[in-house]
Amino acid sequence: MEIIDITNKLSEFEKHLNLNRQTILSAKFGDGKTYFLNKYIEQHEQDTFFIVLHPVNYEVSTNHDILEYINRVILTSLLHRAEFKETNWVDIFKGIWKGDSILESIETIAEYVPYGKIATIPLRFLEKVNNEYSVNKFFDRFKEKPGSLFEMDQFTVAIQHTIQQIQKGGLKCILIIEDLDRIDPEHIFRILNVLGAHVDKDKNTNKFGFDNIVAVLDYDTTRHIFHHFYGEKANYEGYMTKFMSHNPIY
């Protein structure tokens, strides 16, 4: 099979990202979006830190839950980074919360960390826990708590701080959300709502401080999904501009 030369398209995509902090990469199912993105990642692996999410792999019953899974995947993608391991989280939390709330903050972060990877958190992160809690009780508490909030201050602080440290080291940080048009409509528009709401709040930054956020979907197919979900008279383009800086790149 002949390999199509995508050099010019990769260059076009790079220019598009430089001009658009939030964007949509649009192509039909099977047209090679993943291949294209993999080539782009290979081309920029020395100067960019990528997090690629696949919501279709962990779709759950409510739009509330899918955002928890997205948060969890972002955090676990950062756990191996030296910027995360070397951070004194207790000191950071002390600057935001006082007293007993530090313990609650640590437990909240811990809910999103796979149990088998908890050891990657610096020991000092646990040493400051109030003495009345044993380590076993600490683990039992966060294991039994059902994550009930889709966005938490403690969680946001941890991701934002780590992303900032990576950027200070000279790397760009790009979040890619794959195959959004293959999940439940409620999930699609909930994810875009959250990302778009942050853009409205601060035009100069993305959620969590990513340099770019790329939503991958078929723009025309998603239009049909949108009208089926919200009605034919609903303004699809107006809705999507809450997320996009400009037009999609096709």
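Residues numbered from 1 in each chain as written. Predicted model: local features only at pLDDT ≥ 70, side-chain atom pairs only at ≥ 80, totals over all residues. Heavy atoms only, no water.

**Concerning the overall build of the protein chain**
The criterion, for reference: By the criteria applied, helices consist of DSSP H or I runs no shorter than four residues and strands consist of E runs no shorter than two, each listed in order from the N terminus. Buried residues are those whose accessible area, probed at 1.4 Å on protein chains only, stays under 20% of the maximum for their type, while exposed residues exceed 50% and partly exposed ones sit between those limits. Any pair of residues with heavy atoms lying within 4.5 Å of one another is described as a contacting pair. Every accessible area reported is derived by Shrake-Rupley at a probe size of 1.4 Å, with residue values counting cover from the shown protein chains alone.
A tally of helices and strands in the protein chain yields 12 helices and four strands. The buried share of the protein chain, reckoned over its 250 residues, is 48%. Relative to all contacts within the protein chain whose residues are 6 or more apart in sequence, the contacts with residues 24 or more apart total 80%. On the protein chain, roughly 13,300 Å² of surface is accessible, and the fraction owed to carbon and sulfur atoms is 50%.

**Comments concerning the pattern of salt bridges**
For clarity, the threshold we go by: What counts as a salt bridge is simple: a side-chain nitrogen of Lys or Arg found within 4 Å of a carboxyl oxygen of Asp or Glu.
For the structure shown, the criterion picks out seven salt bridges. Residue Glu-237 pairs with Arg-223 through a salt bridge whose shortest N-O separation is 2.6 Å. In this pair, Glu-237 sits in helix α12 (residues 236-240) while Arg-223 sits in helix α11 (residues 219-230), placing the two residues 14 residues apart along the sequence. The network of salt bridges with common partners includes Asp-220, Arg-223 and Glu-237.

**Examining the sheet that holds strand β2 (residues 48-53)**
The line we're drawing: Note on pairing: two strands pair once DSSP finds at least 2 bridges between them. Fitting a line to C-alpha atoms yields each axis, with helices limited to the stretch in contact; the angle taken between N-to-C directions then spans 0 to 180 degrees.
If you walk across this open sheet you meet the four strands as β1-β4-β3-β2, and the pairing is parallel. Bordering the open sheet on either side are β1 (22-26) and β2, each of which pairs with just one other strand. For this sheet, the mean angle separating the axes of adjacent strands, direction not counted, is 20 degrees.

**Side note on the pairing of strand β3 (residues 172-177)**
Most of β3 is tucked away, with five of its six residues classed as buried. Sheet topology note: the β2/β3 ladder contains six bridges and is parallel. Looking across to β3, one finds that Leu-53 is bridged to Ile-177.

**Regarding helix α2 (residues 33-44)**
Our working definition: In a helix, the anticipated span is given by 1.5 Å times the number of residues less one. The reported arc concerns the directions from the helix axis to the C-beta atoms and nothing else.
An ideal rise of 1.5 Å per residue puts 16 Å on 12 residues; α2 measures up with 17 Å between its terminal C-alpha atoms. Taken together, the buried positions of α2 are occupied by Lys-33, Phe-36, Leu-37, Tyr-40, Ile-41 and His-44. Along the axis of α2, the buried positions cluster into a sector of 135 degrees, meaning they face one direction only. Those residues of α2 that are buried lie in contact with α1 (7-19), β1, β2, β3 and β4 (212-217).

**Quick word on the environment of Asp-179**
Residue position: Asp-179 is located in the loop between β3 and α10 (185-201). On the basis of relative accessible area, Asp-179 is assigned to the buried category, the value being 11%. Residues Asp-179 and Pro-55 lie 124 residues apart in sequence; the distance between their C-alpha atoms is 7.4 Å. Not counting residues up to four positions away in its chain, the partners in contact with Asp-179 are Lys-33 and Val-216.

**Concerning the packing of aromatic side chains**
Our working rule: Think of it this way: a Phe, Tyr or Trp ring, Trp meaning its six-membered ring, pairs with another when their centres are within 6.5 Å, and the plane angle makes it stacked under 30 degrees, edge-to-face over 60, tilted otherwise.
A complete count under the given rule lists 14 aromatic pairs for this structure. Here the aromatic rings of Phe-208 and Phe-210 are separated by 6.5 Å at their centres, their planes lie at 80 degrees, and the arrangement is edge-to-face. Note on accessibility: Phe-208 and Phe-210 belong to one class, buried. Each ring, one from Phe-226 and one from Tyr-239, has its centre 5.1 Å from the other, and the planes form 50 degrees; the classification is tilted. Remark: Tyr-239 occurs in helix α12 and Phe-226 occurs in helix α11; sequence separation between them is 13 residues. The exposure class of Tyr-239 is buried, given its relative accessible area of 18%.

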